[in-house]
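# Observations on chain architecture
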Amino acid sequence: MKQTAWAVERDAEGGREVLLLVTLEAEAETPRAPVAVNLVIDRSASMRGAPLAAAVEAARALVERAGPKDYVGLLTFDADAEQVLPVRAMEPNAKAAFLKTLSRLDSGEGTALHEAVEEGAEAVRRVLVPGARPQLLMLTDGEPSVGPTALGEFKVLGQRVHDSGVALHALGLGRHYLPEILEALTGPSGTGFTHVDDAEGLPLAVGALGAELFGEVVADARVYVLPTGFADLRCRHRYPSRVEGDAMSAALGAVSHAFPRRVLFVGGLEKAEWNLTVNASYTEHGDTRRVSVPVTRLLPDSDEGRFVRAVSAELELVSCEAAAWKALSRRQQDAAERALEGADKGLYKLARLGSAEVPAQRHVDRLADLRRAVERRAAQPSALGVRRAQSEVSRITMSRIGPALPAPAPARAALPAAANGGAPPAGALDGAAMLPWKTGNTES
């Protein structure tokens, strides 16, 4: 495991503050842990046809990726949840039987989402695979219609699943699932959920989740920070965090080869002289390790300093984006416009900082959707736009965003300068051509 802690001191509205970014990253040569995962697939009526076929193909790809030391099970649900295949080792015969069963899945009626998560988690935590963390990977396209349906009940369930030692990953397909429920289920596990517009996007999304599942190196990662000379210290990511004496800790979950974990802390300074003591703990091959992480102080305009600032700007962007969609849903036009302005400023900060690891480009399409909704004073915001935004907020605030995808290369369009008092410097947008903001009447 590679651990870094980078600190940047800068001016803020209330005085001087320090950004502290701690990163835990798996070394390339470190062997991955075995996998113990229960696949939970929605086969309700709305999945009939292309969605279910795509889900089956995505599940097939995951199973084919598994080795003989990996354990995979299958639960499907409509009005009832059924553990179709037990969680078992993917030896050749078991793998062949799994693939045959997938090819025979068909759709039913109803969506017993609560029952599916409960039974899926129960099945996978009954199997001990040394070195493997029990996990649940759920795909759904609809709202719960059978059994518990209240958000509060899913919050309780998500916490209970996490407390039982199971990590829950979720993928929401289309415009009808409830993102608040998926966030409630995955939040305690520190995973966030993934949104996919349509069946065509399932292979890429499940492939990314597969890289996460089949690349895990350590579990139960936690970061501890002891500040000296600070008036306060806050954890900016949405990890479960707590105060432990004079220190603050954040539970980051698992670290895989493709997905390093990052956590950003921000603290207001009380004294000119300050210090941060950082430690990390994690479980690797069944052993719990605790290490000291030296803190490197960076200049704000160094490459690493811009990266730390870019992580902060991205968190500000998605926070404002979420606030804007919420204001629209409540028909609070003024609040939506103010929040959109904040998201715009976050985007410009990212573009100007020019950090390759935190590209501004990946936010452009979603913010264009948001701008269209705000400009039209939409009474009913785009369902896909809302779900895209909530998924991105969920995953970024849990730092589960993985490697950046290559940006498309349309004709470069100048960003309006007014929002930040000036145009981005030359080269700031290289490799991430920005699309025009003013969209006219183009439909999303």
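The structure we're discussing is the one just above.
In this text the structure is predicted, and so the values were computed from the model without any measurement. (Residues numbered from 1 in each chain as written. Predicted model: local features only at pLDDT ≥ 70, side-chain atom pairs only at ≥ 80, totals over all residues. Heavy atoms only, no water.)

## Some thoughts on the pattern of salt bridges
The criterion, for reference: We count a salt bridge whenever a side-chain nitrogen from Lys or Arg sits within 4 Å of a carboxyl oxygen from Asp or Glu. By the criteria applied, helices consist of DSSP H or I runs no shorter than four residues and strands consist of E runs no shorter than two, each listed in order from the N terminus. Partly exposed residues are those whose accessible area sits between 20% and 50% of the maximum for their type, while under 20% is buried and over 50% is exposed, using a 1.4 Å probe and protein chains only.
All told, the structure shown has 30 salt bridges when counted by the stated rule. With its nearest N and O atoms 3.7 Å apart, the salt bridge here joins Lys345 to Glu341. Of this pair, Lys345 and Glu341 are both found in helix α8 (residues 333-353), four residues apart, which corresponds to roughly one turn of the helix. The partner of Arg372 in a salt bridge is Asp369, with the nearest N and O atoms 2.6 Å apart. Here the residue Arg372 and the residue Asp369 both occupy positions in helix α9 (residues 364-375), the gap between them amounting to three residues, near one helical turn. One exposure class covers both Arg372 and Asp369, and it is buried. Where salt bridges share partners, they join Asp197, Asp369, Arg372 and Arg388 into one cluster.

## Looking at the sheet that holds strand β5 (residues 81-89)
Note the cut-off: DSSP bridges decide pairing: two strands pair if at least two such bridges lie between them. With axes taken as lines fitted to C-alpha atoms, and helix axes fitted only over the stretch in contact, angles between N-to-C directions fall between 0 and 180 degrees.
Taken in spatial order, the six strands line up as β5-β4-β3-β6-β7-β8 in an open sheet, and their pairing is mixed. Only two strands of the sheet have a single partner each, and these edge strands are β5 and β8 (193-196). Each adjacent strand pair in this sheet contributes to an overall mean axis angle of 15 degrees, direction not counted. Pairing between strand β3 (residues 36-42) and strand β6 (residues 134-140): six bridges, direction parallel.

## Here we look at the nonpolar core
Defined as follows: As used here, the term nonpolar core means buried Ala, Val, Leu, Ile, Met, Phe, Trp, Tyr and Cys residues forming a set that is joined through side-chain atoms within 4.5 Å. Residue ranges assigned to the domains are those given by an automatic or database domain assignment. Contacts are assigned to residue pairs that have any heavy atoms within 4.5 Å of one another.
Leu264, Val308, Val311, Trp325, Leu328, Leu350 and Leu370 are the most contacted members of the largest nonpolar core, which totals 37 residues. Looking at this core, the elements with two or more residues in it are β2 (15-25), β13 (261-268), α7 (303-329), α8, α9 and α10 (383-396). Three or more residues apiece are contributed to this core by two domains, here domain 1 (2-29 + 217-297) and domain 3 (303-395). Those residues in contact with Trp325 that lie beyond four places of it in its chain are Asp369, Leu370, Ala373, Pro381, Ser382, Gly385, Val386 and Ala389.

## Observations concerning the packing of aromatic side chains
Going by this rule: Each aromatic pair joins two rings of Phe, Tyr and Trp (for Trp, the six-membered one) with centres within 6.5 Å, and gets the label stacked for planes under 30 degrees apart, edge-to-face for over 60, and tilted for any other angle. By definition, being over a ring means that NZ of Lys or CZ of Arg is both within 6 Å of the ring centre and within 35 degrees of the ring normal.
If you walk through the whole model with that rule in mind, you get three aromatic pairs. Plain terms: the ring middles of Trp6 and Phe307 are 6.2 Å apart, the flat faces sit at 85 degrees to each other, and that makes the pair edge-to-face. Of this pair, Trp6 sits in strand β1 (residues 2-12) while Phe307 sits in helix α7; the two residues are 301 residues apart in sequence, bridging distant segments of the chain. Among the residues examined, Trp6 registers a relative accessible area of 22% and is labelled partly exposed. Judged by centre distance (5.8 Å) and plane angle (75 degrees), the rings of Phe230 and Trp274 are edge-to-face. Within this pair, whereas Phe230 is found in the loop between β9 (216-228) and β10 (234-235), its partner Trp274 is found in the loop between β13 and β14 (275-284), the two being separated by 44 residues in sequence. Neither Phe230 nor Trp274 differs from the other in exposure class; each is buried. The ring of Tyr177 has Arg387 lying over it, and the distance from NZ or CZ to the ring centre is 5.5 Å.

Honestly, that's just the spatial picture; any functional story needs more than this.
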